[in-house]
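For reference, the chains in residue letters:
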Amino acid sequence: MLFFMFYSLAWSFQSLDLVPVQSEGRVKPFIVFAHEVMFTLTAEKKLGSEALLSFMAHPHDWEDRAFIFVGPDAQKRLKLGKLVSPRALMRNDVLGQYARGILKERVPDFDALLERLHVFRQISSGEGWMMVPGEPWHALIETGSDTDLHSALIRRAFLEMLRAYTEKRQDDFARASAGLLQSVIAADPVHLASVWGGISLRLVTEYGLEVFRPYRFAWIMYALSAVFYGLVLAGLRRLEWGARSIFFAGCFFHAAGMLLRAFVAQRPPVTNMYESIIWVGFGIMLFAVFWQKRLVQCVASILACLCLLAADSALFDDGVHPLMPVLRSNYWLTVHVLTITLSYAAFALAMGLANAALFFWKRYPVEAIALVQTTVYRIVQIGVILVAAGTILGGIWADSSWGRFWGWDPKEVWALITLLCYAAILHARFVGWMRPVTFAIAISLAFVSVIMAWYGVNFVLGAGLHSYGFSQGGQGGVLGGVLIECAYVLWRYLALEKERKFL
Amino acid sequence: MLAFLASLKLAVSTILFIAIGLAVGTTLESGYDAKTAAYYVYRAWWFYTVLAVLGINIIAVAVSKLPWRKKHIPFLLAHVGIIMVLFGAWLTQRCGIDGTLRIALHERGHTVRGDKASIIVQNEARDVSWQPTEAVAIHFPGGRIDRYLPYAEAKVQFVADASKKAAIHLEVVGGFAMRAAQDVWLWEGGWRSMQLGPALFAIKKPAKKGPGLFFERHGESFSYTSINSDGKKSQGVVSGVGFLDIPWRGGVTVRVLDLLWSAHPETLYELSPDRTQTPAIHIAGGPWLGLGESYQRGDGALVAYVPQVAQLPFDVQLERFDLLFDPGTKKAAAYTSWVHIGNETKAIGMNEPLTYKGYTFYQTSYEQDEQGEVVATVLSVNRDPGRPLTYMGSFLIVIGSVLLALRQKRKRS
């Protein structure tokens with residue numbers, strides 16, 4: 001629906017996509033900035049650079065176009081649809097009263113709407129295009145005159161590009177945008193250019209990641225690997241090598257994506273929901289690499305594929321943002337978060353394997369019991385050690401930066417609940433209260449506590465000190481996943497219970 | 001008895017019980033706030049009891065395995081670790097100091113404010129302190145708290161009495177009052193004038209220069225004189241509640257909301273949506289008290305509601321405060337306090353605490369004035385005698401569980 005506002009797809013936006021912009025405390029390629037702006041405005045990751053250009057070229061057309069996303073709470077209270085035009089927002093009485101502070105309450109959805117309106121105005125007026133390097137960077141359109149030659153050149157190149165875009169001159173546009181890119185880089189070559197000329201490696205890497213999206217390839221590989229391993233398990237032994245190479249190809253893309261992101265962000269990629277899902281997926285694959293067992297590799301591929309699918313969907317904010325001061329310790333960040341997320345990975349894999357065992361229990365009871373008693377049990381043990389160590393490391397970090405080892409913060413508490421749940425299961429199994437089937441069912445269900453600790457604290461409870469991770473997104477999907485898992489376990493339980501001999 | 005106390009059945013049920021209790025705690029925190037969760041779960045007697053049961057259970061299991069042999073080492077390490085962590089937590093809770101120290105730039109400070117609050121009654125030997133929670137009915141000598149607001153906003157209300165002192169309540173909208181409506185209370189008993197932007201509101205003879213709005217009492221009526229910024233005057237009589245006819249610029253309207261002929265002010269507190277506000281309590285049969293306020297009771301005793309404080313045995317002076325931003329934003333990226341402590345200047349930064357004479361100082365936050373200049377630093381101060389036990393116990397838990405996992409592997413193979 002939105003696309004008729006844009007010109008043909010044959011236009012080349014590559015140069016514009018690469019132009020460095022400063023936003024939210026970081027210099028990034030324009031395409032990344034454009035995706036972030038459009039995600040803020042529309043809550044979707046579809047449109048990029050051209051949309052922002054179009055805001056500036058045709059601000060009046062956009063005023064009446066319904067494209068700004070309205071949160072569910074605001075939809076109800078302002079009596080608006082899911083998408084709304086800037087003008088309709090401006091004319092909304094309730095929102096106007098809220099903006100003037102007459103309604104004496106805080107409505108997060110309203111704040112978000114006002115922020116979106118502000119962002120749209122900033123972009124359409126040009127005040128939000130921080131493209132002139134400096135300390136801090138300046139906007140393309142700004143009150144006051146140019147302070148130096150570089151900013152004059154940048155502004156002229158930009159206006160040329162904008163004119164070419166408005167007048168639909170493709171060739172001129174390509175030339176002008178290349179000129180813009182060059183003049184921005186020339187303004188601050190120390191930071192923006194690489195040693196051998198051209199754009200700095202970090203910017204190019206970020207651009208490449210944004211366009212190429214390695215995780216997309218990784219999840220496709222994982223899906224294929226799961227199918228191949230499934231076929232191998234079904235008896236097609238000849239596919240073994242194929243399965244293995246696809247499996248490792250997936251791991252390669254996955255690892256490459258994480259390493260490149262770490263290079264772009266200059267810190268371990270484990271600071272928000274998006275990054276942690278990817279790391280948990282990778283942790284699952286790490287376990288699978290060392291557990292040379294086809295079923296483990298098959299299940300791990302499925303789980304990792306699901307993780308990356310969730311990350312690749314537009315549910316979570318995938319931006320690289322500056323961290324809260326207290327988190328800026330690469331050492332603790334790496335040690336604490338990686339340990340905790342590795343334990344999530346272990347529990348996820350144990351859950352997946354337990355599900356698989358429950359699935360073929362009836363036909364292959366001996367194999368199923370062996371799987372649960374050895375592999376699943378061992379992985380759970382590793383998970384328990386990791387979650388205990390990770391929680392303690394978190395306590396030590398908290399002690400060194402906040403002055404208390406333990407403060408009943410919800411994230412801490414849920415990590416402890418996870419540990420207690422699995423510890424209870426292990427103890428119960430140790431006394432012999434749990435037959436293999438019960439153990440498998442318990443391990444499947446205990447993963448709900450991991451989901452709560454990992455996702456629920458930030459997205460459902462939304463309280464506490466770990467609030468740097470708070471955001472919206474994916475509630476429906478995660479809840480659905482949990483319900484499906486519970487239903488599946490119940491179904492297997494009933495199916496097995498009919499036979500009686502296993503319970 | 002020992003068999004029951006040492007049973008794994010007890011262990012598993014205690015563990016599950018703690019897990020469920022904690023889950024309830026986090027739900028409470030999400031629905032209300034951290035203080036409520038602490039009151040009902042984390043610092044509740046029943047929770048301490050369950051933890052004690054867990055401790056007793058572990059000790060009983062250990063005792064039941066006497067005499068210990070080499071194969072018991074992994075079990076003992078892990079579970080002694082748990083006991084040590086629990087005991088360390090008890091020590092921290094019991095003997096630790098945890099509070100905040102605010103020091104203005106270039107000033108000295110040594111008063112640490114805890115997160116507890118106290119009621120101090122004059123001539124009573126014992127202060128009453130409590131963890132701040134929402135749902136308390138705290139009794140103190142000669143009184144009781146019947147309401148508690150965790151985040152309070154003060155609001156003035158006039159109550160009729162026999163003082164014969166009149167009060168006028170105005171609402172000013174528009175112009176210099178800008179956005180929301182502004183409340184103005186004028187009272188003969190003391191609050192005779194109030195400045196709002198450039199304009200003066202007062203119960204007195206009209207000034208020579210404006211802008212301003214002046215009221216004069218004539219028995220049972222008020223006359224008013226308004227002067228705008230050009231010095232133009234207009235006059236009228238306040239006949240009761242309603243709009244006053246004032247030819248001011250900027251569409252300013254003034255409305256009389258209340259007119260009381262004999263009244264005095266009382267401070268009320270309301271729950272504030274702003275969660276950085278300080279709390280307030282209401283004394284049964286008495287007034288509201290904000291944190292730091294006091295009042296004289298009928299029997300003459302002074303009752304004060306104050307934060308619980310501890311004094312450091314030394315002074316800390318803030319010499320300098322460094323603040324760095326993320327490039328191009330007003331988001332703080334890092335901040336450091338340079339303090340003079342024990343004849344030396346030392347830095348306290350994020351992830352860079354300072355320990356001095358057993359007290360550890362952590363950089364928590366800072367205060368700015370309207371121009372954005374930093375005026376004070378806020379440090380957390382902490383003294384934790386349970387720390388060595390907690391660390392040692394944590395270490396043992398991890399080592400013990402690794403050994404447990406390894407031993408089982410060996411047994412199977």
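Residues numbered from 1 in each chain as written. Chains lettered and ligands numbered in written order. Predicted model: local features only at pLDDT ≥ 70, side-chain atom pairs only at ≥ 80, totals over all residues. Heavy atoms only, no water.

## Observations regarding the nonpolar core
And then number 1: Among the nonpolar cores identified, the biggest contains 113 residues, and Ile284, Leu349, Trp361, Val380, Tyr422 and Ile443 of chain A together with Leu22 of chain B are the most heavily contacted of them.
And then number 2: The leading source of residues in this core is helix α17 (residues 330-360) of chain A, at 18 residues.
And then number 3: With near-sequence residues (within four places) excluded, Tyr422 of chain A lies in contact with Phe347, Val380, Val384, Ile443, Ala446, Phe447, Ser449 and Val450 of chain A.
And then number 4: If you look at the next biggest cluster of nonpolar residues, it comprises 62 residues, including Phe33, Val107, Ile123 and Val132 of chain A. (Core = buried A, V, L, I, M, F, W, Y, C linked by side-chain atoms within 4.5 Å. Buried < 20%, exposed > 50% of the residue type's maximum accessible area, 1.4 Å probe, protein only. Helix = DSSP H or I, 4+ residues; strand = E, 2+ residues; numbered from the N terminus. Contact = heavy atoms within 4.5 Å.)

## So, the packing of aromatic side chains
And then number 1: Throughout the structure, instances matching the rule amount to 41 aromatic pairs over all chains.
And then number 2: Seen from their ring centres, Tyr98 of chain A and Phe110 of chain A are 5.1 Å apart, and the 80° between their planes marks the pair as edge-to-face. Note that Tyr98 of chain A is positioned in helix α7 (residues 93-99) and Phe110 of chain A in helix α8 (residues 108-125), a separation of twelve residues in sequence.
And then number 3: Since its relative accessible area comes to 8%, Tyr98 of chain A is described here as buried.
And then number 4: Taking the centre distance of 6.4 Å and the plane angle of 85° together, the rings of Phe215 of chain B and Phe222 of chain B count as edge-to-face. Of the two residues, Phe215 of chain B and Phe222 of chain B, both sit in the buried class.
And then number 5: Three or more aromatic residues link up through ring pairs in this structure, and these residues are Trp406 and Trp408 of chain A together with Phe17, Tyr42, Trp46 and Phe47 of chain B.
And then number 6: The aromatic ring of Trp491 of chain A is capped on one face by Arg492 of chain A, whose charged end is 4.6 Å from the ring centroid.
And then number 7: Its end group placed over the ring of Phe75 of chain B, Lys65 of chain B keeps NZ or CZ at 4.4 Å from the ring centre. (Phe/Tyr/Trp six-rings, centres within 6.5 Å; stacked < 30°, edge-to-face > 60°. Lys NZ or Arg CZ within 6 Å of the ring centre and 35° of its normal.)

## Some points on the sheet that holds strand β9 (residues 193-196) of chain B
All names here are of chain B.
And then number 1: With respect to topology, five strands assemble into an open sheet ordered β9-β10-β11-β12-β13, the strand pairing being mixed. This sheet does not close on itself; its edge strands, each paired only once, are β9 and β13 (233-238). Neighbour-to-neighbour, the strand axes of the sheet open up by a mean angle of 15°, direction not taken into account. (Pairing = 2+ DSSP bridges. Axes fitted to C-alpha atoms, helices over the stretch in contact; angles between N-to-C directions.)

## Some thoughts on the sheet that holds strand β8 (residues 182-187) of chain B
All names here are of chain B.
And then number 1: Pairing in this open sheet of four strands is antiparallel, and the strands run β8-β7-β15-β14 from one edge to the other. Looking at strand neighbours, the two that pair on one side only are β8 and β14 (242-244), the edges of this open sheet. Averaged over neighbouring strand pairs, the angle between their axes works out to 30° when direction is ignored.
And then number 2: Note that strand β7 (residues 167-173) and strand β15 (residues 253-260) share seven bridges and pair antiparallel. Pairing of Glu171 across the sheet is with Arg255, part of β15.

## Let's talk about the side chain of Arg387 of chain B
And then number 1: Its location among the elements puts Arg387 of chain B in helix α6 (residues 387-412).
And then number 2: Polar contacts involving the side chain of Arg387 of chain B include one to the side chain of Asp399 of chain A, which spans 2.8 Å.
And then number 3: A distance of 3.5 Å separates a polar atom in the side chain of Arg387 of chain B from a polar atom in the side chain of Tyr362 of chain B.
And then number 4: With residues near it in sequence (within four places) discarded, Arg387 of chain B still touches Asp399 and Gly403 of chain A together with Thr360, Tyr362 and Asn382 of chain B. (Polar contact = N/O pair within 3.5 Å; in protein donor to acceptor, adjacent residues only side chain to side chain.)

## Focus on the domain arrangement of chain B
And then number 1: By domain assignment, chain B separates into domain 1 (2-96 + 386-412), domain 2 (99-112 + 310-383) and domain 3 (164-261).
And then number 2: Using C-alpha coordinates to define each centre, domain 2 of chain B is positioned 45 Å away from domain 3 of chain B. (Domains from an automatic or database assignment.)

## Brief notes about the pattern of salt bridges
All names here are of chain A.
And then number 1: Under the definition given, this model contains 17 salt bridges over all chains.
And then number 2: A salt bridge links Arg121 to Glu63, with the shortest nitrogen-to-oxygen separation between them at 2.7 Å. With a gap of 58 residues between them, Arg121 in helix α8 and Glu63 in helix α4 (residues 59-63) connect regions that are remote in the sequence.
And then number 3: A cluster of three or more residues bridged by salt bridges with shared partners is formed by Glu167, Arg169, Asp172 and Arg175. (Salt bridge = Lys/Arg side-chain N within 4 Å of Asp/Glu carboxyl O.)

## Let's talk about the packing of helix α2 (residues 30-42) of chain A against helix α3 (residues 49-57) of chain A
Residue and element names in this part refer to chain A.
And then number 1: Direction vectors running N to C along α2 and α3 enclose 70°, while the axes themselves pass 8 Å from each other. As summarised for this structure, α2 and α3 are arranged roughly perpendicular, according to the angle between their axes. Every residue of α3 that contacts α2 at Phe30, Ile31, Phe33, Ala34, Val37, Met38 and Leu41 is listed here: Ser49, Ala51, Leu52 and Phe55.
And then number 2: The class makeup of the residues in the contact of α2 with α3 is ten nonpolar, one polar and no charged. (Parallel < 35°, antiparallel > 145°, perpendicular 65-115°, else oblique. Nonpolar A, V, L, I, M, F, W, Y, C, P; charged D, E, K, R; others polar.)

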